[in-house]
Amino acid sequence: MTDAPLRPAVLADDVSKTFRIPKEQVHTLKERALHPLRRTTFNEFGALNGVSFEVPKGEFFGIVGRNGSGKSTLLKCLAGIYRADAGAIYIDGRMSTFIELGVGFNPDLAALDNVTINAAMLGLSRREARRRFDAIIDFAELREFTDLKIKNYSSGMLVRLAFAVMIQVDADILLIDEVLAVGDAAFQQKCFDEFEAIRAGGKTVLLVTHDMGAVRRFCDRAMLLEHGNMVATGDPDTVGNRYLDLNFSASARARAEAEAAGDAGPEVEIGAEGEAFGDGRAVIEECWIENAAGERAEIIPAGERVTVCSRVRFTQDVTDPRFSVMLRNGARLTVFAPSSGWDDPHPGTFRAGEEVLWRASFDLVLAADRYGLTPTVTLGGGAVLAGHERMDSFVVTRPESSGALVDLPFEQHAERSGPVDVQQEIVR
């Protein structure tokens, strides 16, 4: 007898949501009296169009997309704030939502009363909310302001209080929108530390964000929305690259619009190697790695001096581009990313049609594994001119491994004391 498969924590099946937007609104009784037969007409806006996905229990799932793509609408449908027009949503577990800043707070009440009310909305009893008040207020770093009405709080203070309440709720599923971006850098790091603890605790998290760093750092999988359509799901790195592609590439936006209109087939599962991205101002022709002898190699022993190479052709004039190559291990973790911006942030102007061979040399201290090479060409403001996901790969061999991501050279010293006065120094 086989065990029944676990039910997913969150399942969306062909979910659609449409808003009716009036073309002309009547605001006064006078307008109504002067035009009694005027009928209000509406435009329909499809915020979500047949979105389907599932999130297994314990998964950290990222939802990304440009402004207006339907991310927040999807979370509000999952939370029950909006009712989907079509499709079905299944939630298996207790859910806590953090979608809009200050929802559930009464501006004329102080922190204690607001914590009690907000925690009750999220499922805690009044007694339990008061018992956890000290932990909430300490996490939010608002001990000095507990008696102050929260209408006098800054936006940063308010988001700290709201987030502190959310993480104290014993929920199985967390829905988190990108409102955390209003927190200062120190509090964002505190939230990231909490995310690590939440992930280690096996909770299910759906995170809406524009921060691709957070997606790559925390998420097991990610989904990209565009015009209410799910155009890609899969590996966070590749979905993040597709998101950047949509932001900076006119061709990618046209492709996504075609997909949204149903002209390009259903959404694609991405995460495999070979996908190019960027706004087209440059093209990466090839990328490879060379061993200590200067030969292209696929298998390299650890400890060798190696050189990663990227050949780039510019299609437009570009000033001060940055050449980089990300090395990712078998678990898709970026373990090293040499960049020309470290030593030469202002290389000058490259003309259309010009080719560049960029090379970066380093000692190969990586653990035994297969590593993918993802070359990119960017500008300082974040624009991606060209990139190619996992364009090539190579294998590092090592007689024995420590199990760490890298095996750095080191010196050790062991000093013994006891009945025999012995000092022994071992140098590796």
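### Looking at the overall build of the protein chain
Here comes step 1: When helices and strands are counted, the protein chain shows 10 helices and 24 strands.
Here comes step 2: With 428 residues in all, the protein chain has 43% of them scored as buried.
Here comes step 3: Across the protein chain, contacts joining residues at least 24 apart in sequence account for 71% of those joining residues at least 6 apart.
Here comes step 4: Split by element, the accessible area of the protein chain, about 22000 Å² in all, is 49% carbon and sulfur.

### Quick look at the state of the cysteines
Here comes step 1: In the structure shown here, the tally under the stated rule is 0 disulfides.
Here comes step 2: There is no disulfide at C309, and the cysteine sulfur nearest it, in C287, is 7.8 Å away.
Here comes step 3: Among the residues examined, C309 registers a relative accessible area of 0% and is labelled buried.

### Concerning the packing of aromatic side chains
Here comes step 1: Applying the stated criterion to the full structure yields 13 aromatic pairs.
Here comes step 2: Measuring from ring centre to ring centre gives 5.4 Å for F19 and Y82, while their planes differ by 75 degrees; the resulting arrangement is edge-to-face. With F19 in strand β1 (residues 10-22) and Y82 in the loop between α2 (71-79) and β4 (86-91), the pair connects residues that are 63 residues apart, well separated along the chain.
Here comes step 3: A centroid spacing of 6.1 Å and a plane angle of 70 degrees characterise the contact between F163 and F195, whose relative ring orientation is edge-to-face. Of this pair, F163 sits in helix α6 (residues 155-168) while F195 is found in helix α7 (residues 185-200), placing the two residues 32 residues apart along the sequence.
Here comes step 4: Judged by relative accessible area, which is 0%, F163 ranks as buried.
Here comes step 5: Taking the relative accessible area as the measure of exposure, F195 reaches 2% and is therefore buried.
Here comes step 6: By way of ring pairs, the aromatic residues F60, F139, F163, F195 and F218 are connected into one cluster.
Here comes step 7: Cation over ring: R296 sits above W288, and NZ or CZ is 3.7 Å from the ring centre.

### Some words on the sheet that holds β1
Sheets are built from strands that pair by backbone hydrogen bonding, the pairs being arranged parallel or antiparallel.
Here comes step 1: Overall, antiparallel pairing links the 3 strands, which are arranged β2-β1-β4 in an open sheet. Taken across any chain shown, the strands that pair with only one partner, and hence form the sheet edges, are β2 (42-55) and β4. Along the sheet, successive strands turn relative to each other by an average axial angle of 30 degrees, direction set aside.
Here comes step 2: Where β1 and β4 come together, 5 bridges link them in antiparallel fashion. Among the inter-strand pairings, A12 is bridged to a residue of β4, identified as I89.

### Regarding helix α5 (residues 133-140)
Here comes step 1: Within the span of α5, buried status applies to F133, I136, I137, F139 and A140. The arc that holds every buried residue of α5, seen down its axis, measures 160 degrees, which confines them to one face.
Here comes step 2: Directly beyond the C-terminal end of α5, a positive phi value near 60 degrees is found at E141.

### A few points about the confidence of the model for the protein chain
Here comes step 1: Scored by pLDDT, the protein chain has a mean of 82; 83% of the residues are at 70 or more.
Here comes step 2: Element-level mean pLDDT values for the protein chain span from 41 in strand β10 (residues 268-270) up to 96 in strand β14 (residues 305-314).
Here comes step 3: Every residue in residues 422-428 scores below 50 in pLDDT, and together they form 10 contacts with partners more than four places removed in sequence or on other chains.

### Brief notes about a nonpolar patch on the surface
Here comes step 1: On the surface, L333, L405, V406 and L408 cluster together into a nonpolar patch covering about 330 Å² of accessible area.
Here comes step 2: Checked against the element boundaries, V406 lands in the loop between β22 (392-397) and β23 (411-415).

### A closer look at the pattern of salt bridges
Here comes step 1: The full count for this structure, using the stated rule, is 23 salt bridges.
Here comes step 2: D138 is paired through a salt bridge with R143; the nearest N and O atoms lie 2.9 Å apart.
Here comes step 3: By relative accessible area, which is 41% here, R143 ends up partly exposed.
Here comes step 4: A salt bridge links D279 to R281; the nearest nitrogen and oxygen atoms lie 2.7 Å apart.
Here comes step 5: Salt bridges linked by common partners bring E286, R296, R311 and E355 together as one network.

### Considering the side chain of S324
Here comes step 1: Along the chain, the position of S324 falls in strand β16 (residues 322-328).
Here comes step 2: Residue class for S324 comes out buried when judged on its relative accessible area of 14%.
Here comes step 3: A polar side-chain atom of S324 sits 3.0 Å from a polar atom in the side chain of S339.
Here comes step 4: Setting aside residues no more than four positions away along its own chain, S324 makes contact with P338, S339, W358, T374, P375 and T376.

What counts and what doesn't
Residues numbered from 1 in each chain as written. Predicted model: local features only at pLDDT ≥ 70, side-chain atom pairs only at ≥ 80, totals over all residues. Heavy atoms only, no water. Helix = DSSP H or I, 4+ residues; strand = E, 2+ residues; numbered from the N terminus. Buried < 20%, exposed > 50% of the residue type's maximum accessible area, 1.4 Å probe, protein only. Contact = heavy atoms within 4.5 Å. Areas by Shrake-Rupley, 256 points an atom, 1.4 Å probe, with all protein chains shown as cover. Disulfide = S-S within 2.5 Å. Phe/Tyr/Trp six-rings, centres within 6.5 Å; stacked < 30°, edge-to-face > 60°. Lys NZ or Arg CZ within 6 Å of the ring centre and 35° of its normal. Pairing = 2+ DSSP bridges. Axes fitted to C-alpha atoms, helices over the stretch in contact; angles between N-to-C directions. Arc of directions from axis to C-beta. pLDDT = per-residue confidence, 0-100. Patch = residues over 30% accessible without salt bridge, like charges linked within 9 Å, V, L, I, M, F, W, Y side chains within 5 Å. Salt bridge = Lys/Arg side-chain N within 4 Å of Asp/Glu carboxyl O. Polar contact = N/O pair within 3.5 Å; in protein donor to acceptor, adjacent residues only side chain to side chain.

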